[in-house]
Amino acid sequence: MMLPYTGITGFMNQAEVSAVLKAMPQDSYRMVMIGVLASSETIEGISNSRDHRYPKPHHFGSIFQSHPHAINLIHFNTKKREFLFDQMMRTRELGGEYCHGFQLNVPWPGTNVLMQVLGEMPKSTIIVLQVGARAFELIGHSPQKLADKIESEYGGLIHYVLLDASGGLGKPLDARMLTPYLRALAAKRLPIGLCVAGGLSADTLHLVVSLIDEFPNLCLDAEGKLRNKKDNLNVRAAIAYIARAHVLFHNRSQENKNARGV
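Please read all numbers here as calculations on a predicted model, not as lab measurements.

Considerations on the environment of Pro 143
Structurally, Pro 143 can be placed in helix H6 (residues 143-154). Under the relative-accessibility criterion, Pro 143 is labelled partly exposed at 23%. Sequence separation between Pro 143 and Ala 184 is 41 residues, and the spatial gap between their C-alpha atoms is 6.1 Å. Excluding anything up to four places from it in sequence, Pro 143 contacts Pro 180, Tyr 181 and Ala 184.

In structure tokens:
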């Protein structure tokens, strides 16, 4: 199984990353996912409407850092799927030596493209497949169809699957809705990490407590609720979220062990 992580998306500079990683508890068994947003437009220098979340392409390589607790991923989206391979290769080059891979915010990207990309990149490259609102629609909001599709089409090509209907807008996740999808995926026993997102912050981690009890290695990702009024990353909020997630996972793990008499 892939290492569990607590993720933050929307870093713009190295100082933000340094502050978060410095605050990471050294005894944590979880990683911190450092997410940098990019699109087919921004890698060509075209401004994004969320310009406080999408850094300039020449800054990518300076944002990521080498750190034992960091998983450094470019979160990539495109409206030109026919050029996805070239776009990913270009983006990976911009990501620099400490970039570990991608989160693909693309509804069900072509598996042939993923095979090409993985064939060209280091074997250690990580691929996170986001299942967003459109991807849920395309499988008819069926947990079984999602799990079957991941197994039959993406097995061996992705390392994590992220269930995220929020799209960075801060909409709170619905644990009751997500549970059947997580159970269907877990039943496949694939070597894939399971992740969720949706309105997470230090103040909303109660939303995932029931999920953590059933899926103790669940990965988390947060974006929208960690921004300030100007849409900049609120570093204090990001640090608080990382710290509280660490405590939450540690405490739930201990409680579950005690309940089992371990």
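Moving on from the model shown.
Brief notes about the pairing of strand E8 (residues 219-222)
Judged by which residues are buried, E8 turns out to be covered on both faces: Cys 219 and Asp 221 on one side and Leu 220 and Ala 222 on the other are all buried. Of the pairings in the sheet, the one linking strand E1 (residues 5-9) to E8 comprises three bridges and is parallel in character. Paired with Ile 8 across the bridge in E8 is Ala 222. Two strands pair when backbone bridges link them, and strand E7 (residues 193-197) and E8 are joined in this way by three bridges, in the parallel orientation. Note that in E8 the partner of Cys 195 across the bridge is Cys 219. Where the polypeptide runs from E7 across helix H8 (residues 209-214) and back to E8, its parallel neighbour, the crossover connection is right-handed.

Some points on the packing of aromatic side chains
Within this structure, the stated rule accounts for three aromatic pairs. Ring geometry for Trp 108 and Tyr 154: centres 5.7 Å apart, planes at 40 degrees, overall tilted. In this pair, Trp 108 sits in the loop between strand E4 (101-104) and helix H4 (111-120) while Tyr 154 sits in helix H6, placing the two residues 46 residues apart along the sequence. Owing to a relative accessible area of 1%, Tyr 154 belongs among the buried residues under this scheme. Its guanidinium or amino end placed over the ring of Phe 249, Arg 30 lies 3.6 Å from that ring's centre, counting from NZ or CZ.

Brief notes about the pairing of E7
Regular strands have side chains that alternate between both faces of the sheet. In terms of residue burial, E7 counts as a mostly covered element, since five of its five residues are buried. Across the two faces of E7 the burial is the same, with Gly 193, Cys 195 and Ala 197 and Leu 194 and Val 196 all buried. Inspection of the sheet shows strand E6 (residues 160-163) paired to E7 by four bridges, in the parallel sense. Its bridge partner being in E7, Tyr 160 is matched across the sheet by Gly 193.

What to know about helix H1 (residues 14-22)
Along H1, the residues classified as buried are Glu 16, Val 17, Val 20 and Leu 21. Projected onto a plane normal to the axis of H1, the buried residues spread over an arc of 125 degrees and lie on a single side. H1 presents Ala 15 and Lys 22 as exposed residues on the side facing more than 90 degrees away from its buried surface. Regarding H1, its N-cap is Asn 13, as a side-chain oxygen of that residue lies 3.1 Å from the backbone nitrogen of Ala 15 further along.

Some remarks on empty space enclosed by the protein
The final tally for this structure, using the stated rule, is one cavity of 30 Å³ or more. Roughly 70 Å³ of internal volume is contained in the largest cavity. Thr 42, Gly 45, Ile 46, Ser 47, Asn 48, Asp 51, Tyr 54, Pro 55, Lys 56 and Pro 57 are the residues that line the largest cavity. Among the residues making up the lining of the largest cavity, the classes are represented as four nonpolar, four polar and two charged.

Regarding unusual backbone geometry
For His 141, which is not glycine, the phi torsion reads 50 degrees and is therefore positive. Looking at the secondary structure, you find His 141 in the loop between helix H5 (133-138) and H6. By relative accessible area, His 141 is classed as partly exposed at 48%. The phi angle at Arg 189 is positive, at roughly 55 degrees, despite the residue not being glycine.

Remarks on the packing of H6 against helix H7 (residues 175-187)
Across the interface, H6 lies against H7 with an axial gap of 8 Å and an inter-helix angle of 35 degrees. Both H6 and H7 take part in a crossing whose hand is right-handed. Where H6 abuts H7, its residues Pro 143, Gln 144, Leu 146, Ala 147 and Ile 150 lie against Pro 180, Tyr 181, Ala 184 and Leu 185. Split into classes, the residues belonging to the contact of H6 with H7 amount to eight nonpolar, one polar and no charged.

Topic: the sheet that holds E6
Taken together, the eight strands give a closed barrel; going around it, the order is E1-E2-E3-E4-E5-E6-E7-E8, and neighbouring strands pair in parallel fashion. In this sheet, neighbouring strand axes are inclined to one another by 25 degrees on average, regardless of whether the strands run parallel or antiparallel. Strand direction decides the pairing type here: strand E3 (residues 70-77) and E4, joined by four bridges, are parallel. By the bridge assignment, Leu 73 is partnered in E4 with Gly 101. Relative to strand E2 (residues 31-39), H1 is tilted by about 160 degrees, and along the sheet it contacts E1, E2 and E3. Against the sheet, helix H3 (residues 84-95) makes contact with E2, E3, E4 and strand E5 (126-131), and its axis sits at roughly 140 degrees relative to E3, the strand it touches most.

Analysis parameters
Numbers given for residues are sequential positions, taken from 1 along each chain in its written order. With pLDDT at 70 or above as the cut-off, local features in this predicted model cover only qualifying residues; side-chain atom pairs require 80 or more to be listed or tallied, and sums for whole chains, interfaces and linings still use all residues. In computing side-chain properties, one takes all heavy atoms of the structure into account and sets aside hydrogens as well as water. Strands are runs of DSSP state E lasting at least 2 residues, helices are runs of H or I lasting at least 4, and numbering of each runs from the N terminus. Relative accessibility decides the category of a residue: with a 1.4 Å probe and only protein chains considered, values under 20% of the type maximum give buried, values over 50% give exposed, and everything between is partly exposed. When checking whether two residues touch, look at their non-hydrogen atoms; a contact exists if any pair is within 4.5 Å. Between any two strands, pairing holds if DSSP finds at least two bridges. Crossover handedness is defined by viewing with both strands directed away from the observer: a clockwise path from the first strand over the helix to the second marks the crossover as right-handed. Only Phe, Tyr and Trp rings take part, Trp by its six-membered ring, and two of them pair if their centres are within 6.5 Å. Stacked means planes under 30 degrees apart, edge-to-face means over 60, and tilted covers everything else. Should the NZ of a Lys or the CZ of an Arg lie within 6 Å of a ring centre and within 35 degrees of the ring normal, that charge is described as sitting over the ring. Directions are taken from the helix axis to each C-beta atom, and the arc is the one they span. Two N or O atoms count as a polar contact when they lie within 3.5 Å, although within protein this holds only if one can serve as hydrogen donor and the other as acceptor, and sequence-adjacent residues are included solely when both atoms are side-chain atoms. Cavities and pockets are defined on a 1 Å grid built over the protein atoms alone: a cavity is a set of grid points where a 1.4 Å probe fits but cannot escape, while a pocket is an open set with protein on both sides within 12 Å along at least five of seven lines, and lining residues are those with an atom within 4 Å of any such point. Grid points are joined across faces, edges and corners, and a volume is the space filled by probe spheres set on the points. Charged residues are taken to be Asp, Glu, Lys and Arg, nonpolar residues to be Ala, Val, Leu, Ile, Met, Phe, Trp, Tyr, Cys and Pro, and polar residues to be all remaining types, Gly included. Fitted lines through C-alpha atoms give the axes, limited to the stretch in contact for helices. The angle between two N-to-C directions lies from 0 to 180 degrees. Helix crossings fall into two classes, left-handed where the near helix is turned counterclockwise from the far one by less than a right angle and right-handed where it is turned clockwise.

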